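The chain contents come next:
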Amino acid sequence: MLEFLHWLGRQSHFVGALTVEVIFLRLGLAVLFGGLVGLERERHHKPAGFRTYILVCLGAASVSLLQDQLRLELLALPSVPRSMTLDLGRLGAQVISGIGFLGAGSILIKSRNEGIIGLTTAAGIWATGCVGLAIGWGFYPIALVAIVLMLAIMMLKRVELQLLPRPGLWRLTLSYRANVSAEALLPLCAELCRAQNLALGHIDKDPAGRRLTLELVEVSPPARQALLLALAQREEILTVDSE
């Protein structure tokens, strides 16, 4: 493993020619690194999953490869016209802003009382695109360190909740019947929360374990009791645990 990392570090530089081997190496690393982040998000059933992150990283790497090829073509000219400029960051800048729009599409404002979800997904899509740019330009150590840190940050959810407890946060874990899906249960839970004027925050789905975790903020004791009673009366829900 260490030998591979040392070898990868030696490959990190602008090349004199984009050979087939170099292209395969860079695009292959883009697929690998994007897939690692995508697997982590897919495991938690997030909107953007395995294929999405691979395509974002691969597309960004392809753009920076194209920019690098343009650099080589201009350097090969006997004389560069004054009207032509060698701006290595122009195409990459467009990728960064374009992926920002893609990430914005994953942010959902459910309603006034149901909060915002998808911010981490949007940030992950944007960061994965930046890693793809680094891979396409051949800066492998930067991409490797960035992807390792991204994975570590995305896995810190439980640590974050323990170290930084949110004031007034109430967490409900529902288990539901086998013939019910989390997607079908979510609108029902949202409607019950709206009836008590409660703000629904983070939502975590676990289809394999048939569990749905809801986070609510600023819940008064009467509202808690009313919501627990309403959930317990639903046939679709087997158990309700609160903490």
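Residues numbered from 1 in each chain as written. Predicted model: local features only at pLDDT ≥ 70, side-chain atom pairs only at ≥ 80, totals over all residues. Heavy atoms only, no water.

Regarding helix α2 (residues 20-43)
As a reminder of what qualifies: Counting from the N terminus, the helices are DSSP H or I runs at least four residues long and the strands are E runs at least two residues long. The span expected for a helix works out to 1.5 Å for each residue beyond the first. Each residue is assigned to one of three classes by its accessible area relative to the maximum for its type, calculated with a 1.4 Å probe on protein chains only: buried under 20%, partly exposed between the two thresholds, exposed over 50%.
The end-to-end C-alpha separation of α2 is 34 Å, in line with the 34 Å expected for 24 residues at 1.5 Å each. Those residues of α2 that sit buried are Val22, Arg26, Leu29, Ala30, Phe33, Gly34, Gly35, Val37, Gly38, Glu40 and Arg41.

Describing the sheet that holds strand β3 (residues 169-176)
Within a beta sheet, neighbouring strands are joined by backbone hydrogen bonds and run either parallel or antiparallel to one another. Definition in use: One requirement defines pairing of two strands: DSSP has to find at least two bridges between them. The convention used is that axes are lines fitted to C-alpha atoms, helices contributing only their stretch in contact, and that angles between N-to-C directions extend from 0 to 180 degrees. Working rule for contacts: check all heavy atoms of both residues, and any pair within 4.5 Å makes them a contact.
Across the sheet, four strands lie side by side as β4-β5-β3-β6; this open sheet has antiparallel pairing. Both outer strands of the open sheet, β4 (199-206) and β6 (237-242), are each paired with one neighbouring strand and no more. Within this sheet the neighbouring strands show an average axis-to-axis angle of 20 degrees, counted without direction. Across six bridges, the pairing between β4 and strand β5 (residues 211-217) is antiparallel. Considered in β5, the bridge of Lys205 is made with Leu212. The sheet strands contacting helix α8 (residues 182-195) are β3, β4, β5 and β6, and the helix crosses β5 at an angle near 25 degrees. Taken strand by strand, helix α9 (residues 221-232) contacts β3, β5 and β6, and its axis lies near 10 degrees from that of β3.

Focus: the packing of helix α5 (residues 119-137) against helix α6 (residues 140-154)
Selection criterion: An angle below 35 degrees is read as roughly parallel, one above 145 as roughly antiparallel, one from 65 to 115 as roughly perpendicular, and any other as oblique. The handedness criterion is simple: a crossing whose near helix is rotated anticlockwise from the far helix by less than a right angle is left-handed, and one whose near helix is rotated clockwise is right-handed. Classification convention: Asp, Glu, Lys, Arg as charged; Ala, Val, Leu, Ile, Met, Phe, Trp, Tyr, Cys, Pro as nonpolar; all other residues, Gly among them, as polar.
α6 packs onto α5 with a crossing angle of 160 degrees between their chain directions and a minimal axis gap of 8 Å. As judged from the angle between their axes, α5 and α6 are roughly antiparallel. For the element pair α5 and α6, the recorded crossing hand is left-handed. Here α5 contributes Gly124, Ala127, Thr128, Val131, Ala134 and Ile135 to the contact with α6, which in turn contributes Tyr140, Ile142, Ala143, Ala146, Ile147, Met150 and Met154. Partitioned by chemical class, the residues of the contact of α5 with α6 number 11 nonpolar, two polar and no charged.

A word on the nonpolar core
To keep it simple, the criterion reads: Take the buried Ala, Val, Leu, Ile, Met, Phe, Trp, Tyr and Cys residues and link them wherever side-chain atoms come within 4.5 Å; each set so joined is a nonpolar core.
With 24 residues, the main nonpolar core has Phe33, Val37, Val131 and Ile135 as its most contacted residues. Taken together, the elements giving at least two residues each to this core come down to α2, α3 (50-76), α4 (90-104), α5 and α6. Beyond its immediate stretch of four places on either side in the chain, Phe33 contacts Val131, Ile135, Ala143, Leu144 and Ile147. Listed in part, the 23 residues of the second largest apolar core include Tyr176, Leu192, Cys193 and Leu231.

Take it as geometry only, folks, not as evidence of what the structure does.
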